[in-house]
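These are the residues of each chain, in order.
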Amino acid sequence: MGWLQDTPSAMIGEAPAKSGRDRRANRRLRKVMAMVSLAETADGRQAPHRRRLLPRGLAPTLPALVLVLVFFVLPVLALLTRSFTEPVLGLQNYIDLLGSSTYLKIFFNTFFVSALVTAISLTIGFPVAWALAIMPKRQANIVFAIILLSMWTNLLARTYAWMVLLQRTGVINKTLMGLGLIDQPLVMVNNLVGVTIGMTYIMLPFIIIPLYGVIRKIDPAILQAAALCGATRIQAFIHVLLPLAAPGMIAGALMVFVMSLGYFVTPSLLGGTANMMLAELIAQFVQSLVNWGMGGAAALVLLVITLSLYAVQLRLFGVAGQEKH
Amino acid sequence: MLLNLNSLGAWKWILLAITGATSVFLLLPILFIAALSFGSSQWLIFPPPSWTLKWYQDLLADPRWLEAAWTSFRIALMVTVLSVLIGLVASFGLVRGRFVGRVALRALFMTPMILPVVVLAVALYAFFLRLGLNGTTAGFVIAHLVVALPFSILALTGALEGFDKSIEDAAVLCGASPLKAKILITLPSISHGLFSAAIFSFLTSWDEVVLAIFMASPTLQTLPVKIWATLRQDLTPVIAAASTLLIVVTMLLMLIAAAVKKGMKA
Amino acid sequence: MTPFLEIRGIRKQYGPVVAVHDVNLTVDHGEFLTFLGPSGSGKSTTLYILAGFERPTRGDILLNGKTILDTPSHQRNIGMVFQRYTLFPHLSVGDNIAFPLKVRGWSKAAITERVRQMLTLVRLEGFEDRKPAAMSGGQQQRVALARALAYDPPVLLMDEPLSALDKKLREEIQHEIRRIHQQTEVTILYVTHDQEEALRLSDRIAVFSHGVIDQIGTGEQLYADPATRFVAEFIGDSDFLPCRVVEQVNGRARIALNDGLIVSDIPLHGNSARKTDGMLMLRPERLSLSTKKTEMALPATVEDITFLGTHVNVATRTADGTAVSVRLPFGHQAISGIPRGTGVWLTFDANAAHVFL
């Protein structure tokens, strides 16, 4: 905003605050400035004699706004409404959904797997993030390149890789049997074990990268001070490093958990139909069973949980959210 | 002390070991897929008895795979153009505007990025059924546009916020109309933002699976959809070949992006 | 005769808040006029109204008798140099200067020649191919100046262009600006809060305060004959002694200082029918002191003596607690060896004094 941001007081005639009255006037002025649209175009220039129809800057956002409203908000609201109106008006769908043991099992599976994936990712991800934060730049860059490559590789390709690796005659079973560790091949596909492994693989980068950022920001001098105070490594770890990294850990964990809850591709391919998770349930309702009411209900449940967790995160951390690399 | 690698003692090796193992863990499946695509075993036996290009030949000879690849490409292209254009205009409004609810609007634009895609996919599927847009290119493009736009807006608002508007004002005083000043002066100055927006939008569409599954029809499939459909039937190595090609394209784009970013910073 | 540039009754309001109350001003062709004032006084707002970035709530601006308010910014043909470096970062120096000429459709040959001329004017010959990022702040502002003047605008606006530079560089470029002004004879409107800069550069200075112009005049006029207390305080150093108007005749007053001293025939600013308490303004260098009592002298105590090279500053305090600074040329015998706390007698030149009510 160039000059406008630069010299706000110069532009808007703030009185030098010599008295309470001046200070109050200045506060009022700033409030007005925040709200009153300056009689200018979106960039401070005005063609002569043009009246403003819309507040400044609103017009250019309209195409995007229309797109988001018509093709995002509206369809989702419509779907959610159907959960209350099909096949009959009322909460029947929710009663069916939350009353049936089949569906409850699916909810349970989803939560369990997501929690497990989050826990494992955190356990592995923390040491890696820590190491990355203190490794020499050269090696750190190599690890980063691998992490980024993994993130950007197509999701299907990665899932397919695990489908092949984990199959009965796959490399992992072959190696384990060859080493004599097991007699029978482990069943790792079409069950929740495969899903957990596959999802952990995908979620790891999402924990490592933000956590790395948080640990980087910790001032090493604090840990040095702890050492000087006489703390052993374990004590410093438990009482200093962990608490300082905790916000990043919680934020990362929340993000991974929320993502896992709504995941579709990997659980479907690695879990099989017998071990459905919530996302596939929603898809099933809609595609195979054409039951919009139940589909909408399941979707609403997923949305409510997702939004609640985001609300918790917002309350705890302000606007954390996705970080740009 | 804990943030110095050399003073960690035995812990150092544990940390490095975990990091090394994780790196291998992350890398291996990708290399594995690439290796598999050249292996001769139809049942994905590894190590394969011999090496072959057969799967690539099958892939490139199959018109349906080529068609899927072409569909992916043209949809991603359309999405990129629309996403950058709409995102650019919206970003100007978000960054330069002064209206109530500006912050809320920004948050609204980001929402498609943070909500579970399956909900959007199902909702759009129902919506498009009413409108007759299922299985059409238009429907596909719209669906991908919804999820690509947040990336575009994120990149472009960031770039615009870092741009000193006084420079644009100076151009106007030099005699350029406000629109000309934006095109000749502002856009070149935020080219890195435009580039990021384009790359992210393209990759988002190119790699997108869930929406694609719902937007597709037997005659209109993107590459991920074709892979998904094939995967549900069997694990033929042709998928490995297709996946490897996908990986290569993504890697190329990322390398180009990195090179351009470096070139711009210089 | 039609004035060259006329600013008539300009008022700018944002909602209930008034940034510029009522600004009236005429500028002569080729003049260097400075808007001087603290932040928030309305000087920058007025400048931006001239540039077309703000639209006035009321009032008009006429160039050669014709209003310019109907013209959008990019057609006003005005040059401007901003406080921040506004060179186009992706263009070379030469292309930066060429930009306004290209927009106006000049021929390639004419552009090349003009760019060369402008670079010579700002003493940056040969810099055509440099990029802004590879240049210092001072160099960038000079290129900005060259770009603003390239198309021969009738008016050049400058908004605190040197405030981002360090002192030495600032003085250097002030010198350059003055030289360029004399060479090109362009009319310059310059905004600054630095009174020294204003005095150094301008033909006339308009002192802004709270959205109005308190006084317009040459630097000497403003210094010797300030019209308001604000102007007296803003330009140069000043001492203020509380006083009371005893009698007023034709704009000149007889006043009584707190210790009873009566001084006559001082220019009065304000109406003594409404109030009689005011301040007597004196310039520190118009005061003198002595250890011996003389006629019409004010008793005071020495608090501090500071040596400042060409002169000495003596801080004193009168009996009623008013701080008075006295500026004496170095070598003045009156102060040699005077310890703090000494009682002295202050005298002043009543011809240079003013009373503000």
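On a predicted model such as this, the values are computed, not experimentally measured, just so you know. (Residues numbered from 1 in each chain as written. Chains lettered and ligands numbered in written order. Predicted model: local features only at pLDDT ≥ 70, side-chain atom pairs only at ≥ 80, totals over all residues.)

(A) Just the overall build of chain B, in detail. From N to C terminus, chain B includes 12 helices and 0 strands. The C-alpha radius of gyration computed for chain B amounts to 23 Å, which surpasses the reference 18 Å derived for 266 residues by more than 25%, pointing to a less compact arrangement than a globule. Taken along its principal axes, the extent of the C-alpha atoms in chain B is 70 × 65 × 35 Å. For chain B, buried positions account for 49% of its 266 residues. For chain B, the share of sequence-separated contacts (at least 6 apart) that also reach a separation of at least 24 residues comes to 70%. (Helix = DSSP H or I, 4+ residues; strand = E, 2+ residues; numbered from the N terminus. Rg over C-alpha atoms; globule rule 2.2 N^0.38 Å. Buried ≥ 20, exposed ≤ 12 C-beta atoms within 10 Å, placed from the backbone. Contact = placed C-beta atoms within 7 Å.)

(B) Spotlight on the overall build of chain C. From N to C terminus, chain C includes 8 helices and 20 strands. With the principal axes as the frame, chain C shows a C-alpha extent of 80 × 45 × 35 Å. Scored against the burial criterion, the 357 residues of chain C give a buried share of 41%.

(C) Here's a closer look at the interface of chain B and chain A. Contacts between chain B and chain A engage 78 residues on the former and 83 residues on the latter. The set of elements that each furnish at least two residues to the side of chain B that touches chain A consists of helix H1 (10-37), helix H3 (63-96), helix H4 (102-114), helix H5 (117-131), helix H6 (137-161), helix H7 (165-173), helix H11 (223-233) and helix H12 (237-265) of chain B. For the side of chain B that touches chain A, the element with the most residues is H1 of chain B, which contributes 14 residues. Across the side of chain B that touches chain A, the residue classes tally to 61 nonpolar, 10 polar and 7 charged. (Nonpolar A, V, L, I, M, F, W, Y, C, P; charged D, E, K, R; others polar.)

(D) Main features of the pairing of strand S8 (residues 187-192) of chain C. Residue and element names in this part refer to chain C. With respect to burial, S8 is a largely interior element, 6 of its 6 residues being buried. By the alternation rule, side chains of S8 split into Thr187, Leu189 and Val191 and Ile188, Tyr190 and Thr192, which are all buried. Across 5 bridges, strand S3 (residues 32-36) lies against S8 in parallel orientation. Pairing of threonine 34 across the sheet is with tyrosine 190, part of S8. Pairing analysis gives 5 bridges linking strand S7 (residues 155-159) to S8, with the strands arranged parallel. Each bridged residue has a counterpart across the sheet, and for leucine 156 the counterpart in S8 is isoleucine 188. (Pairing = 2+ DSSP bridges.)

(E) A look at the sheet that holds strand S19 (residues 343-348) of chain C. All names here are of chain C. Here 5 strands make up an open sheet; going across it, the order is S15-S19-S16-S17-S18 and the pairing antiparallel. Because the sheet does not close on itself, it has two edges, and the strands there are strand S15 (287-290) and strand S18 (323-329). Between one strand and the next, the sheet's axes are offset by a mean angle of 45 degrees, whatever the strand orientation. (Axes fitted to C-alpha atoms, helices over the stretch in contact; angles between N-to-C directions.)

(F) Summary view of the domain arrangement of chain B. Residue and element names in this part refer to chain B. We note that the domain assignment places domain 1 (5-37) and domain 2 (56-265) within chain B. Placing the centre of domain 1 and that of domain 2 at their C-alpha centroids yields a distance of 32 Å. Contact with domain 1, which involves 5 residues of that partner, is made by 7 residues of domain 2. For the side of domain 1 that touches domain 2, the per-class residue count stands at 4 nonpolar, 1 polar and no charged. (Domains from an automatic or database assignment.)

(G) Structural context of the packing of H3 of chain B against H6 of chain B. All names here are of chain B. At their nearest, the axes of H3 and H6 sit 6 Å apart, and the two run at 40 degrees to each other. Viewed along their axes, H3 and H6 adopt a mutual orientation that is oblique. Like other packed secondary-structure pairs, H3 and H6 cross with a definite hand, here right-handed. Split into classes, the residues belonging to the contact of H3 with H6 amount to 19 nonpolar, 7 polar and 1 charged. (Parallel < 35°, antiparallel > 145°, perpendicular 65-115°, else oblique. Left-handed = near helix turned anticlockwise from the far one by under 90°.)

(H) Quick look at the environment of phenylalanine 307 of chain C. Residue and element names in this part refer to chain C. Locating phenylalanine 307 in the fold gives a position in strand S16 (residues 298-307). With 9 C-beta atoms counted inside 10 Å, the residue phenylalanine 307 sits in the exposed group. Sequence separation between phenylalanine 307 and valine 143 is 164 residues; the distance between their C-alpha atoms is 41 Å.

(I) Focus on the sheet that holds strand S11 (residues 239-249) of chain C. Residue and element names in this part refer to chain C. The strand order S11-S12-S13-S20-S14 describes a closed barrel built from 5 strands, whose pairing is mixed. Averaged over all adjacent pairs, the angle separating strand axes in this sheet is 55 degrees, with direction ignored. Pairing between S11 and strand S14 (residues 277-282): 6 bridges, direction antiparallel. Pairing of arginine 244 across the sheet is with aspartate 277, part of S14.

(J) Looking closely at the pairing of strand S4 (residues 58-63) of chain C. Residues and elements named next belong to chain C. In terms of strand pairing, strand S1 (residues 5-14) meets S4 through 5 bridges, oriented antiparallel. Within S4, the position partnered with arginine 8 by the bridge is aspartate 60. Judged from the 2 bridges that link them, S4 and strand S5 (residues 66-67) form a sheet pairing that is antiparallel. Bridge assignment links leucine 63 to a residue of S5, and that residue is lysine 66. Linking S4 back to S5 in an antiparallel pair, the connection comprises 2 residues, with asparagine 64 at a positive phi of about 50 degrees.

(K) A look at helix H12 (residues 233-261) of chain A. With 29 residues, H12 of chain A extends just 36 Å between its outermost C-alpha atoms, more than 12% less than the 42 Å of an ideal straight helix rising 1.5 Å per residue. Along H12 of chain A, the helix axis deviates most sharply at alanine 246 of chain A, where the bend reaches about 45 degrees; the proline proline 247 of chain A sits within four residues downstream. (Expected span 1.5 Å × (residues − 1). Bend = angle between axes of the 7 residues up to and from the residue.)

(L) Structural context of unusual backbone geometry. For valine 290 of chain A, which is not glycine, the phi dihedral falls at a positive 45 degrees. Structurally, valine 290 of chain A can be placed in the loop between helix H14 (278-287) and helix H15 (292-317). The residue aspartate 152 of chain C is not glycine, and still its phi comes out positive at about 55 degrees. A count of 10 C-beta atoms within 10 Å places aspartate 152 of chain C in the exposed class.

(M) Structural detail: the environment of serine 83 of chain B. Residues and elements named next belong to chain B. Relative to the helices and strands, serine 83 is located in helix H3. A tally of 31 C-beta atoms within 10 Å means that serine 83 is categorised as buried. In this structure, the C-alpha to C-alpha distance between serine 83 and proline 150, residues 67 residues apart in sequence, is 8.8 Å. When near neighbours in sequence (up to four residues on either side) are disregarded, serine 83 contacts Leu145, Ala148, Leu149, Ser152, Ala197 and Ser201.

(N) Representation of the confidence of the model for chain C in the model. Taken residue by residue, chain C gives an average pLDDT of 90. The fraction at 70 or more is 99%. If you check the scores for this complex, the pTM reads 0.79 and the ipTM reads 0.86. (pLDDT = per-residue confidence, 0-100.)

(O) Layout of the nonpolar core. If you look at the biggest cluster of nonpolar residues, it comprises 161 residues, and the most contacted ones within it are Ile282 of chain A together with Leu120 and Val122 of chain B. No other element matches the 15 residues that H6 of chain B contributes to this core. Discounting residues that sit within four places of it in the chain, valine 122 of chain B has contacts with Leu79, Ile282, Ala283, Val286, Gly295 and Ala299 of chain A together with Phe214 of chain B. Grouped together as the second largest cluster of nonpolar side chains are 104 residues, Leu173 of chain B together with Leu63, Met118 and Val302 of chain C included. (Core = buried A, V, L, I, M, F, W, Y, C linked by C-beta atoms within 7 Å.)

(P) Structural context of the environment of valine 73 of chain A. Residue and element names in this part refer to chain A. Relative to the assigned elements, valine 73 resides in helix H4 (residues 58-85). For valine 73, a count of 15 C-beta atoms within 10 Å translates into the label partly exposed. Once the C-alpha coordinates of valine 73 and isoleucine 142 are considered, the two residues, 69 residues apart in sequence, prove to be 42 Å apart.

(Q) Structural detail: helix H9 (residues 191-207) of chain B. The end-to-end C-alpha separation of H9 of chain B is 24 Å, in line with the 24 Å expected for 17 residues at 1.5 Å each. Among the residues making up H9 of chain B, those that are buried are Gly193, Ser196, Ala197, Phe200, Ser201, Phe202, Leu203, Thr204, Ser205, Trp206 and Asp207 of chain B.

(R) Just the domain arrangement of chain C, in detail. Residue and element names in this part refer to chain C. Annotation of chain C at the domain level lists domain 1 (5-230) and domain 2 (237-356). Computed over C-alpha atoms only, the centres of domain 1 and domain 2 are separated by 39 Å. Taken together, the 5 residues of domain 1 in the interface contact 5 residues of domain 2. Here the side of domain 1 that touches domain 2 is built from residues that sort into 3 nonpolar, 1 polar and 1 charged.

(S) Quick look at the packing of helix H7 (residues 137-152) of chain A against helix H10 (residues 192-217) of chain A. Residues and elements named next belong to chain A. Contact pair H7 / H10: the axes reach a minimum separation of 9 Å and the direction vectors enclose 135 degrees. Between H7 and H10, the interaxial angle falls into the category oblique. As for how H7 packs across H10, the hand of that crossing is left-handed. Of the residues in H10, those in contact with Ile147, Ser150 and Met151 of H7 are Pro205, Ile208 and Ile209. Considered class by class, the residues forming the contact of H7 with H10 number 5 nonpolar, 1 polar and no charged.

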